[in-house]
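Examination of the molecular architecture
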Amino acid sequence: MSDLVIKPSRGLGGEITLPGDKSISHRAVLFSAIAEGDTAINGFLNGEDTRNTAKAVQAMGIAVEGLGTERLVVRGKGLDGLTEPSDVLDLGNSGTGMRLMAGLLAGQRFFSVLSGDQYLRKRPMARIVEPLRRMGAIIDGRSQAKLAPLSIRGGALKPIEYDSPVASAQVKSALLLAGLYASGATSVQEPSKSRDHTERLFRFFGLDVKEEGTTVTVRGRQRLRSPGPLDIPADLSSAAFFIVAASIVPASDVIIKNVGVNPTRTGVIDVLLQMGADITLDNQREQAGEPVADIRVRFRKLKGVRINGSLIPRAIDEIPILAVAASYASGKTVIKDAAELRVKESDRISTMAAELRKMGVNVSELPDGMEIMGRDMLDGAVCESNGDHRIAMSMAVAGLAASGDTVIRDIGWIDTSFPGFERILRQAAYS
Ligand code: S3P
């Protein structure tokens, strides 16, 4: 278990280059595996979560070259090219890996078992098991298949029209992947729009995907064709730590290069702009069907806001770092409609409240969010990762503008999504 010691920063500066997008990296490997032909993926996130997805694909007979680097070549074998894995597929800490993989496996005529670490084995799986069973997959698991390990015996599926109770890109993507193995059109409707990387990447692989409001439909048995090189932009969720850091540490001025700015992900930028942040998007362009920009951020004192409704799915992974921004803002910030945070890598409402309190912040927990009273300066403290990469990184950023040193314990978790975080942070914050 290693610790990270954060000293107060006198301002972040320079150009920052970050690792590839996690959501797109998972999908790039999965879709390449069932495409016809070889796909070169550049900017693949070489983190534990996405490596586990690539290893699972290898365990089903797909050659993946370059694993352990950011440049992969996946030798796809088409829709029916996967073979039965000889062992349990271990998705580690990744909810996205497990849920998307379950959707893909539901369409395979073989037996498979999915498992993960102690945190992933506590996260809800009924949200995918129930609709995948309705499509005809035979799935079992712990606690009436509410929890992993899950066993799956897939095959030819029936299409469904699914009205999802949660706005979840993992649920939507699992069902759309299963829908490729169904005899007819599968559609998923969600209460508000979750990230649409699956829809965009399906199109990049040549599939016909229909979208109407918050309903997405895909016809079964469409063949994916390897596109040209698939260049993955940097992860906005990783950039968010630096966007907030530069916003709260006086004298900061940074440019974060080549970041994905898909509108279903940019809730964090919208919220920070409402808080008064100084953020500009430059050099906007498109890459592999995704909008990309360079993001410039300069320090500016923030003010408290209300974060709720359809903003929540567009900022779901950034609520912990937004809670840090709120802790340094003037006045009160209220976060509502975010009960989903309780079933992420940790219960992010209670873990963030507990860690911020250690730094002297006045936080009250709500069933679906929190209320935070901002302060000019937080107190350095000893904080815990709680087995959650985003909590560890959020508290590190909180430490940059605090009085005295902040220690983050057990920072190994950061490697699930952001290898190189400490090096990049040190370079931006102290040089
Ligand atoms: C993800 C979807 C989100 C997000 C997760 C990645 C994805 O979860 O929290 O980190 O890649 O599909 P839900 O949309 O299921 O809430």
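If you're wondering where the values come from, they're calculated on a predicted model, not measured in any experiment.

Conventions adopted
Residues numbered from 1 in each chain as written. Predicted model: local features only at pLDDT ≥ 70, side-chain atom pairs only at ≥ 80, totals over all residues. Heavy atoms only, no water. Helix = DSSP H or I, 4+ residues; strand = E, 2+ residues; numbered from the N terminus. Contact = heavy atoms within 4.5 Å. Polar contact = N/O pair within 3.5 Å; in protein donor to acceptor, adjacent residues only side chain to side chain. Expected span 1.5 Å × (residues − 1). Buried < 20%, exposed > 50% of the residue type's maximum accessible area, 1.4 Å probe, protein only. Axes fitted to C-alpha atoms, helices over the stretch in contact; angles between N-to-C directions. Parallel < 35°, antiparallel > 145°, perpendicular 65-115°, else oblique. Nonpolar A, V, L, I, M, F, W, Y, C, P; charged D, E, K, R; others polar. Salt bridge = Lys/Arg side-chain N within 4 Å of Asp/Glu carboxyl O. Domains from an automatic or database assignment. Buried area = accessible area lost by both parts, 1.4 Å probe.

Turning our eyes to something else, we now look at the environment of aspartate 388. Looking at the secondary structure, you find aspartate 388 in the loop between strand S23 (382-384) and helix H12 (389-400). Separated by 13 residues in sequence, aspartate 388 and alanine 401 place their C-alpha atoms 22 Å apart. For aspartate 388, the residues in contact, after removing those within four places along its chain, are Glu345, Ser346, Arg348 and Trp413. A polar atom in the side chain of aspartate 388 sits 2.8 Å from the side chain of serine 346.

For the bond running from alanine 148 to proline 149, omega is 5°, close enough to zero to count as cis. Structurally, proline 149 can be placed in strand S9 (residues 147-153). Backbone geometry at alanine 288 places phi at a positive 50°, although glycine is not the residue there. You can see alanine 288 is positioned in the loop between strand S17 (278-287) and strand S18 (290-298). Unlike most non-glycine residues, asparagine 386 shows phi in positive territory, near 55°. Checked against the element boundaries, asparagine 386 lands in the loop between S23 and H12.

Its 13 residues place the ends of helix H8 (residues 236-248) 18 Å apart at the C-alpha level, agreeing with the 18 Å of an ideal helix rising 1.5 Å per residue. Counting buried residues in H8 gives 13 out of 13 residues, a clear majority hidden from the surface. Between a side-chain oxygen at the N-terminus of H8 and the backbone nitrogen of serine 237 the separation is 2.8 Å; the capping residue is aspartate 235.

The next thing to look at is the packing of H8 against helix H10 (residues 319-327). Relative to each other, H8 and H10 sit at 0°, their axes nearing to 10 Å. The angle between H8 and H10 falls in the class roughly parallel. Contact with H8, carried on its side by Ala240, Phe241, Val244 and Ile248, involves Ile321, Val324 and Ala325 of H10 and no other residues of that element. The residue makeup of the contact of H8 with H10, split by class, is 7 nonpolar, no polar and no charged.

Another point: the pattern of salt bridges. Note on pairing: side chains with opposite charge can pair once their charged atoms come close. Throughout the structure, instances matching the rule amount to 40 salt bridges. Arginine 225 is the partner of glutamate 36 in a salt bridge, and the nearest nitrogen-oxygen pair spans 3.7 Å. Residue glutamate 36 is located in strand S3 (residues 35-42), and its partner arginine 225 is located in strand S14 (residues 224-225); the two are separated by 189 residues in the primary sequence. Residue classification places glutamate 36 among the partly exposed positions, given a relative accessible area of 30%. Between glutamate 371 and lysine 332 there is a salt bridge, and its shortest N-O distance comes to 3.6 Å. Here lysine 332 lies in strand S20 (residues 332-335) and glutamate 371 lies in strand S22 (residues 369-373), a separation of 39 residues in the sequence. Classification of glutamate 371 by relative accessible area gives partly exposed; the value is 25%. What emerges from the salt-bridge pattern is a single network uniting Arg123, Arg195, Asp317, Glu345, Arg348, Asp388 and Arg390.

Quick look at the domain arrangement of the protein now. For the protein, the assigned domains are domain 1 (4-20 + 233-430) and domain 2 (22-230). Taken together, the contact between domain 1 and domain 2 spans 29 residues of the former and 27 residues of the latter. Summed over both sides, the interface between domain 1 and domain 2 buries roughly 2400 Å², with carbon and sulfur atoms accounting for 51% of that surface. One can count 3 salt bridges joining domain 1 with domain 2. Of the charged contacts, one joins arginine 195 and aspartate 317 as a salt bridge, the two residues approaching to 3.2 Å between their closest N and O atoms. Applying the counting rule to domain 1 against domain 2 returns 12 residue pairs in polar contact (both at pLDDT 80 or more). Looking at the side of domain 1 that touches domain 2, the elements that each hand over two or more residues are S18 and H12.

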